[in-house]
Amino acid sequence: MHKYEVMFIIRPDTPEEEVEKLVSLMEGFVTGAGGKMEKIEKLGRRRLAYRVERQREGFYVLFVFEGVHATVNELERRMRVTDAVIKFLTVRIDEEQKRAAKLAKARAEKQAKRPKASTQPPPDIAPIPAAPPDEPEATQA
Amino acid sequence: MPMMKRNNRTEGRPARPAGPPGAAGGPRRQFFRRRKVCKFCQEKIDVVDYKEARMLGQFISERGKILPRRLTGTCAPHQRLVAVAIKRARNIALLPFATQL
């Protein structure tokens, strides 16, 4: 099981209740194909950065779910055949989250170690708020 | 001893501003720009999210191109993440591929 994030855009001329129906329909495809929905977020109507199928606006929806590749395949296939969905993007996010968690953990450990030797040697994070002292240092180099 | 130290410091300072031009071949010119620091390292951001189009907008040019590191000051690991995020954002029409003039 991997975690995926799917963002898709619904045509702006779709009526409100149609949007609701479409979203729950898509949700059904995810759960129906072995997925476990984690989050559904309607990001609302936004201007598109470029025209897609002659539309300048779109209704953004974000799904976060756990599933297997078949889940994604099925959802993508359904979206491709649904005319109201004009664009979609699937991103696998579990690896990224793992990486971020690792970095955060490493940082926390570093922070825990630091207070003892916080005098001078590691100037990488602490002196940033005080920006000016940077400059004489630069001259030295 | 403390006096000595202070002396050393005062001697060292005036010498330095003249230093860089003297140290020929230094990468910096006579006047040096304020060193840019990586925005993401500073704010300790590990994940660059493609959904934050407003934030990513800082890293593209007026034409929609990804700005080089030398202009934004982003560090290499973060620049790679930014590049991927921008490409994803373009794909879902949050950012332009190109803007017409």
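Reading the values: the criteria
Residues numbered from 1 in each chain as written. Chains lettered and ligands numbered in written order. Predicted model: local features only at pLDDT ≥ 70, side-chain atom pairs only at ≥ 80, totals over all residues. Helix = DSSP H or I, 4+ residues; strand = E, 2+ residues; numbered from the N terminus. Buried ≥ 20, exposed ≤ 12 C-beta atoms within 10 Å, placed from the backbone. Contact = placed C-beta atoms within 7 Å. Expected span 1.5 Å × (residues − 1). Arc of directions from axis to C-beta. Pairing = 2+ DSSP bridges. Axes fitted to C-alpha atoms, helices over the stretch in contact; angles between N-to-C directions.

1. Side note on the overall build of chain A
Alright, step 1. Across its full length, chain A holds four helices and four strands.
Alright, step 2. Reading chain A from its N terminus to its C terminus gives the helix and strand order β-α-β-β-α-β-α-α.
Alright, step 3. Relative to its 141 residues, chain A shows a buried fraction of 19%.
Alright, step 4. Intrachain contacts of chain A at a sequence separation of at least 6 include 73% that bridge at least 24 residues.

2. Here's the deal with helix α2 (residues 69-81) of chain A
All names here are of chain A.
Alright, step 1. Relative to the 18 Å expected for 13 residues at 1.5 Å per residue, α2 spans 19 Å between its end C-alpha atoms, a close match to the ideal helical length.
Alright, step 2. Among all positions of α2, only Thr71, Leu75 and Met79 are buried. Seen from one end, α2 has its buried residues packed into an arc of 60°, which puts them on one side. Seen from the buried face of α2, the exposed residues on the opposite side, beyond 90 degrees, are His69, Ala70, Arg77, Arg80 and Val81.
Alright, step 3. Elements that come into contact with the buried residues of α2 comprise β1 (2-10), α1 (16-32), β3 (55-67) and β4 (85-92).

3. Describing the sheet that holds β1 of chain A
Adjacent strands of a sheet form backbone hydrogen bonds with each other and so pair up, either parallel or antiparallel.
Residue and element names in this part refer to chain A.
Alright, step 1. Strand order in this open sheet of four strands is β2-β3-β1-β4, and the pairing throughout is antiparallel. Each end of this open sheet is capped by a strand with a single partner; those strands are β2 (36-52) and β4. Between one strand axis and the next, the sheet turns through 20° on average, direction left out of account.

4. Points about unusual backbone geometry
Alright, step 1. Phi at Arg54 of chain A is positive, roughly 70°, even though this residue is not glycine.
Alright, step 2. Positionally, Arg54 of chain A belongs in the loop between β2 and β3.

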